[in-house]
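What follows is the residue order along each chain.
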Amino acid sequence: MVYVNIKSITRPVGIIRIMAAIVTCMCFSLVATVKPDSSPYWGWCMFTWVFCFFFTLLILILEFTTVSTKVPFAWEDFTAAFAILSSVLCLCASIMYPAFFACNTCYRQIGASVVSWMCFGVYVAEVVLTRLHPSGQDNGFLSTPPGIMKMLESFLACLIFLSLESAQYSGIPALKWCVAVYSLCFIFAITIILITLGNLTVYFPFSFEKVAIVYNVLAATMYITAMVIWPLYSFHDKRPMNCGRLCSWDKLVLITVMTVFNSIVYILDSIYSILLVFVFRNE
């Protein structure tokens, strides 16, 4: 039986989510009125606002109809993780969109950029509210530091994929190795998230946490090699004089920066996982 839960939309978190749905809708509506751009960064920003709007609205509907109490995973963990992920996505879009697509006379783009920062602020407020007023439900994986780092690793990998072009690594085995590192680590990170979200770890005949530690250490090592190899084989000359906005050289720089950041996250993830299993558990 499905009941209506009025409190889900009148409590502070519910009001914040309604505001989030409104501002994200405003954001992608403003951008949609402007001529679409073929750049993958434009598509990523548009995806961010539509993704956040859709899932925020879905969360509101599921909680309003109490269907959220019947889902086969930790609902509070999912909503907390979604708020954190949306904050990071909106922050990235709020920086990326005005930097690449706004100008002094582009009023709709400026308006969309301002509203995007509002989206970021609303989702940060939701994160703060959920952290200050916990529901009493046991924390799941996604809202814990390892889960947050897994989402961050996947997010940074997506930014790398946005900037990758086949011409950048074609015919260069060392750079193909870097692409393989980005792809494999992304696939395994998403797999770990799905396994833990679906509570499938109980079906493993061995310690899933120790397998995750081995993966984290291996992924961190692979990313460190990519962090060294990618700039070493990609940059042979200085930035071309005729290189405009979003040229291939700039994309190489972005990939390098994201590789460094992701390497740091994987190292921190490895250290935290080792401490969590072998140190904190034994105290």
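Going by the structure above, here's the rest.
About the thresholds
Residue indices begin from 1 for each chain and proceed along its sequence in written order. A pLDDT threshold of at least 70 governs which residues receive local features in this predicted model, and a stricter bar of 80 or more applies before side-chain atom pairs are shown or counted, although totals over entire chains, interfaces and linings include all residues. Based on all heavy atoms of the structure, the side-chain values leave hydrogens and waters out of the count. Runs of H or I in DSSP of at least four residues are treated as helices and runs of E of at least two as strands, each being numbered from the N terminus. Only the C-alpha atoms count toward the radius of gyration. The rule for a globule is 2.2 Å times the residue count to the power 0.38. Burial here depends on accessible area, computed with a 1.4 Å probe over protein chains only, as a share of the maximum for the residue type. Under 20% is buried, over 50% is exposed, and the range in between is partly exposed. Working rule for contacts: check all heavy atoms of both residues, and any pair within 4.5 Å makes them a contact. To be clear on the numbers: accessible area is Shrake-Rupley with a 1.4 Å probe, and residue cover counts the displayed protein chains and nothing else. Throughout this description, the term nonpolar core refers to a set of buried Ala, Val, Leu, Ile, Met, Phe, Trp, Tyr and Cys residues connected via side-chain atoms within 4.5 Å. Polar contacts here mean pairs of N or O atoms no more than 3.5 Å apart (in protein, one a potential hydrogen donor and the other a potential acceptor; neighbouring residues in sequence count only if both atoms are side-chain atoms). Put simply, a disulfide is two cysteine sulfurs that come within 2.5 Å. Cavity: a set of points on a 1 Å grid over the protein atoms alone where a 1.4 Å probe fits but cannot get out. Pocket: an open set with protein on both sides within 12 Å along at least five of seven lines, its lining residues, like those of a cavity, having an atom within 4 Å of a point. Grid points are joined across faces, edges and corners, and a volume is the space filled by probe spheres set on the points. Side-chain classes follow a simple rule in which Ala, Val, Leu, Ile, Met, Phe, Trp, Tyr, Cys and Pro form the nonpolar group, Asp, Glu, Lys and Arg form the charged group, and the remainder, Gly included, forms the polar group. Axis lines are fitted through C-alpha atoms, for helices just across the contact stretch, and the angle between N-to-C directions can take any value from 0 to 180 degrees. For any helix crossing, the convention is left-handed if the near helix is rotated counterclockwise from the far helix by under a right angle, and right-handed if that rotation is clockwise. Multiplying one less than the number of residues by 1.5 Å gives the expected span of a helix. Should an angle lie under 35 degrees it is considered roughly parallel, over 145 roughly antiparallel, and from 65 to 115 roughly perpendicular; all remaining angles are considered oblique. By convention in these notes, a salt bridge is any Lys or Arg side-chain nitrogen within 4 Å of a carboxyl oxygen on Asp or Glu.

J.: Explanation requested: the overall build of the protein chain in the structure shown.
T.: In terms of regular secondary structure, the protein chain is built from ten helices and zero strands. In the protein chain, the order of α-helices and β-strands from amino to carboxyl end is α-α-α-α-α-α-α-α-α-α. At 21 Å, the protein chain has a C-alpha radius of gyration in line with the 19 Å of a compact globule built from 283 residues. Dimensions of the protein chain, computed from C-alpha atoms along their principal axes, come out at roughly 65 × 55 × 30 Å. With 283 residues in all, the protein chain has 43% of them scored as buried. Put simply, of all contacts in the protein chain between residues at least 6 apart along the chain, 79% involve residues at least 24 apart. In the structure as shown, the protein chain presents an accessible area of about 14700 Å², 73% of it carried by carbon and sulfur atoms.

J.: Help me understand the nonpolar core, please; the structure alone is not making it clear to me.
T.: In summary, soluble globular proteins display a tendency toward joint burial of nonpolar side chains. With 64 residues, the main nonpolar core has Trp-49, Leu-159, Tyr-182 and Trp-230 as its most contacted residues. Elements that contribute at least two residues to this core include exactly helix H2 (12–32), helix H3 (40–64), helix H4 (75–101), helix H5 (107–132), helix H6 (145–163), helix H8 (173–197), helix H9 (208–234) and helix H10 (248–278). Grouped together as the second largest cluster of nonpolar side chains are five residues, Ala-81, Met-151, Ile-193 and Leu-197 included.

J.: Any chance you could explain the side chain of Glu-153 here in plain terms?
T.: Mapped onto the secondary structure, Glu-153 falls in helix H6. Overall, Glu-153 belongs to the buried group, its relative accessible area being 1%. At 3.3 Å, the side chain of Glu-153 and the side chain of Lys-150 are in polar contact. Dropping the residues within four chain positions of it, Glu-153 is found in contact with Ala-189, Asn-262, Val-265, Tyr-266 and Asp-269.

J.: Please explain the state of the cysteines as it appears in this structure.
T.: In protein structure, a disulfide is the covalent linkage between the sulfur atoms of two cysteines. A full pass over the atoms with the stated rule returns one disulfide. With no disulfide of its own, Cys-27 has Cys-119 as its nearest cysteine by sulfur position, at a separation of 4.7 Å. Judged by relative accessible area, which is 0%, Cys-27 ranks as buried. With no disulfide partner, Cys-158 has as its closest neighbouring cysteine sulfur the one in Cys-92, 10 Å distant. Classification of Cys-158 as partly exposed rests on a relative accessible area of 21%.

J.: Could you clarify how one ought to interpret the layout of surface pockets in this entry?
T.: Gaps left between atoms show up when a probe the size of a water molecule is rolled over them. By volume, the largest pocket is sized at about 500 Å³. Lining the largest pocket are 19 residues; nearest its centre among them are Phe-51, Leu-85, Met-151, Ile-190 and Ile-193. Counting only elements with at least two residues in the lining of the largest pocket, the list comes to H3, H4, H6 and H8. Across the lining of the largest pocket, the residue classes tally to 18 nonpolar, one polar and no charged.

J.: Where do I start with the packing of H3 against H6 in this structure?
T.: Axes are the key here: two packed helices are described by the angle between their axes and the distance separating the axes. Where H3 contacts H6, the axes come no closer than 9 Å and their chain directions differ by 145 degrees. Taken as a pair, H3 and H6 cross one another with a handedness that is right-handed. Two secondary-structure elements touch here, H3 through Pro-40, Tyr-41 and Trp-44 and H6 through Phe-155, Cys-158, Leu-159, Leu-162 and Ser-163. Looking at side-chain class alone, the contact of H3 with H6 contains seven nonpolar, one polar and no charged residues.

J.: What is the right way to read H2 from this model?
T.: Because each turn of an α-helix spans 3.6 residues, side chains separated by three or four positions end up pointing in the same direction. The end-to-end C-alpha distance of H2 is 30 Å, a good match for the 30 Å that 21 residues give at a rise of 1.5 Å each. Among the residues of H2, Val-13, Gly-14, Ile-16, Arg-17, Ala-20, Ala-21, Val-23, Thr-24, Cys-27, Phe-28 and Val-31 are the ones counted as buried.

J.: Where do I start with unusual backbone geometry in this structure?
T.: As a rule of thumb, non-glycine residues mostly have phi less than zero, and peptide bonds are mostly trans rather than cis. Even without a glycine there, the phi angle at Thr-66 is positive, about 60 degrees. When you line up the elements, Thr-66 lands in the loop between H3 and H4.

J.: Would you mind going over the packing of H6 against H10 with me for this structure?
T.: At a minimum axis separation of 9 Å, H6 and H10 run at an interaxial angle of 165 degrees. Considering the angle they form, H6 stands roughly antiparallel to H10. Read as a crossing pair, H6 and H10 show a hand that is left-handed. Considered class by class, the residues forming the contact of H6 with H10 number 17 nonpolar, three polar and four charged.

J.: In this structure, what is going on with the pattern of salt bridges? I would like to understand it.
T.: Where charged atoms from two side chains of opposite charge approach closely, those side chains can pair. Within the structure shown, the criterion is met by six salt bridges. We note a salt bridge from Arg-11 to Glu-63, for which the minimum N-O separation is 3.0 Å. On the criterion of sequence distance, the pair formed by Arg-11 in the loop between helix H1 (7–10) and H2 and Glu-63 in helix H3 is long-range, its members being 52 residues apart. Its relative accessible area of 34% is what places Arg-11 among the partly exposed residues. With its nearest N and O atoms 2.8 Å apart, the salt bridge here joins Glu-63 to Arg-17. Of this pair, Glu-63 sits in helix H3 while Arg-17 is found in helix H2, placing the two residues 46 residues apart along the sequence. Both residues of the pair, Glu-63 and Arg-17, count as buried.

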